[in-house]
Every structure is written in structure tokens, then in C-alpha cells.
Amino acid sequence: MKTISKKDQHNITPDQAIDLLHKGNQRFIQNLRFNRNLLQQVNETAEGQYPFAAILSCIDSRTPAELIFDQGLGDIFSIRIAGNIVNDDIIGSLEFACKAAGSKLIVVLGHTNCGAIKGACDGADLGLLTQLLEKIKPAIYQEKTFKEHRDGSNLAYVNEVAKINIRNSIEKILGKSTIIKELIAQESIKIIGGIYDVSSGEVLFFQD
Ligand SMILES: [Zn+2]
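What comes next concerns the included structure. Keep in mind the model is a prediction, meaning the values are calculated, not measured. (Residues numbered from 1 in each chain as written. Predicted model: local features only at pLDDT ≥ 70, side-chain atom pairs only at ≥ 80, totals over all residues. Heavy atoms only, no water.)

### Points about the packing of aromatic side chains
Applying the stated criterion across every chain yields a total of three aromatic pairs. On the numbers, 5.9 Å between centres and 75° between planes, the contact of F77 with F96 is edge-to-face. Here F77, found in strand 2 (residues 76-80), pairs with F96, found in helix 5 (residues 88-100); they are 19 residues apart in sequence, far enough to count as distant. Of the residues examined, F77 reaches a relative accessible area of 14% and is grouped as buried. Classification of F96 as partly exposed rests on a relative accessible area of 44%. (Phe/Tyr/Trp six-rings, centres within 6.5 Å; stacked < 30°, edge-to-face > 60°. Helix = DSSP H or I, 4+ residues; strand = E, 2+ residues; numbered from the N terminus. Buried < 20%, exposed > 50% of the residue type's maximum accessible area, 1.4 Å probe, protein only.)

### Brief notes about the coordination of the zinc ion
Around the zinc ion, the protein contributes the donor atoms C58 (SG), H111 (NE2) and C114 (SG), which lie 2.0 to 2.2 Å from the metal centre. We note that the donor set of the zinc ion lies within a single chain, spaced as C-x52-H-x2-C. Judged by relative accessible area, which is 2%, H111 ranks as buried. Classification of C114 by relative accessible area gives buried; the value is 3%. (Donors = N, O, S within 2.8 Å, 3.2 Å for Na, K, Ca; no water.)

### Describing a nonpolar patch on the surface
On the surface, L38, L39, V42 and L73 cluster together to form a nonpolar patch covering roughly 360 Å² of accessible area. Structurally, L39 is set in helix 3 (residues 38-44). The exposure class assigned to L39 is exposed, which follows from its relative accessible area of 66%. (Patch = residues over 30% accessible without salt bridge, like charges linked within 9 Å, V, L, I, M, F, W, Y side chains within 5 Å. Areas by Shrake-Rupley, 256 points an atom, 1.4 Å probe, with all protein chains shown as cover. Salt bridge = Lys/Arg side-chain N within 4 Å of Asp/Glu carboxyl O.)

### Structural notes on helix 9 (residues 155-176)
In this model, helix 9 (22 residues) spans 31 Å end to end at C-alpha, consistent with the 32 Å of a helix rising 1.5 Å per residue. Along helix 9, the residues that are buried comprise Y157, V158, N159, V161, A162, I164, N165, I166, N168, S169, I170 and I173. (Expected span 1.5 Å × (residues − 1).)

Written out as C-alpha cells, the structure is:
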């Protein structure tokens, strides 16, 4: 598997970027990962990087973007924070990835059975984590389908909140970043949500 070049990155469309990630995830769940010479990729990327996508995902140890999408060195930017929430520094990182470094796609990737979402649902209070979980709380208020058992022990509920939280992160990125909004309007990039199932290894991208 060859390392992505500047020309490769330039030629990839946002839809092709989604397809590359989808195919990589399919290889992952079928245990058909590409055989990469990572040490060789260290050499090939030493002069520069041309990642085709930027992925904002959770710190959860089960969701490393490079592994679940079967990507090598230099292929994707990976931003990870508990609950895949958004703040100004994260948006700045995404602006760098797309405007300065040429990535064609932003993925906000949540996952099932997320500890951060559960913590927010249960009102966990722990040092500076408390303020991070506050950023997830709007999704809890927006979740209307569950009338009872609205707590971290109800996984179906937790997963619904996770999906809303992904959409909220996307909205926040679009609401705060003129740069990203312009790139989308020019059809230079796309932004898409997705959820990773920790029991199957599969990523489902949101269709809208
Ligand atoms: Zn998580």
C-alpha cells in the first residue's frame, strides 16, 4: 500500500474520501487489513504529509481512527477528545487540516457505549472532566424518544444521545468556522457524521 502523495490528495474528491474510509473500515471488520511497511512510510512521509481526511473521535481505547479505517502513516489527521466534543482549539485544528494541509473530508465520529456520554447522562462530577461533559449535555436535553431510564445504564438511550452529540459537534464546527463553511460551499470539502459500533467494529456514516 503506497503512501498518499500531494497529487493523490489533490485528486481525491470529498465523496471519494468517504469511500476510502468506508472501504478501509470494511477491510478492518473482515480482518483484511493492508500489509503496510510502516518504517518505509516513515521515510516516505519525512518530507511532508498529505492526509485526505481529518477525523474527530473519542479518546476511547477501542476507537483509534487509523486502525478502524485501516489507514497508514500520513493518511489521516486524527483529533481525539473524550466524547468527540468541539472547542475552539479543535476547530482550529480542523481548519489547519482542511485549509492549510488540503484534507477533503471532516468526519465527526462517535461510538456506541461511550463512557463520556454515559458520564454526561449520569451527571458525573470529576475535576476538569465536569466542564467537558457540560458540552455533551445539550444532546441529553435534545433526546426526546426515551421517556424513562434516561441514565448511563440504558445503552440504547446512551447511543441515541451519542448520535445527537455528533450532530451537535458538526453544527458547532459549522457555526464557528467561516473557513470550513466556505470550503464546504466551494465543494472543496465535506463534513460527515458517523458512529462506530464497539461490538462489531463497523462505522456507519450518517446519510444526511
Ligand atoms: Zn467515548
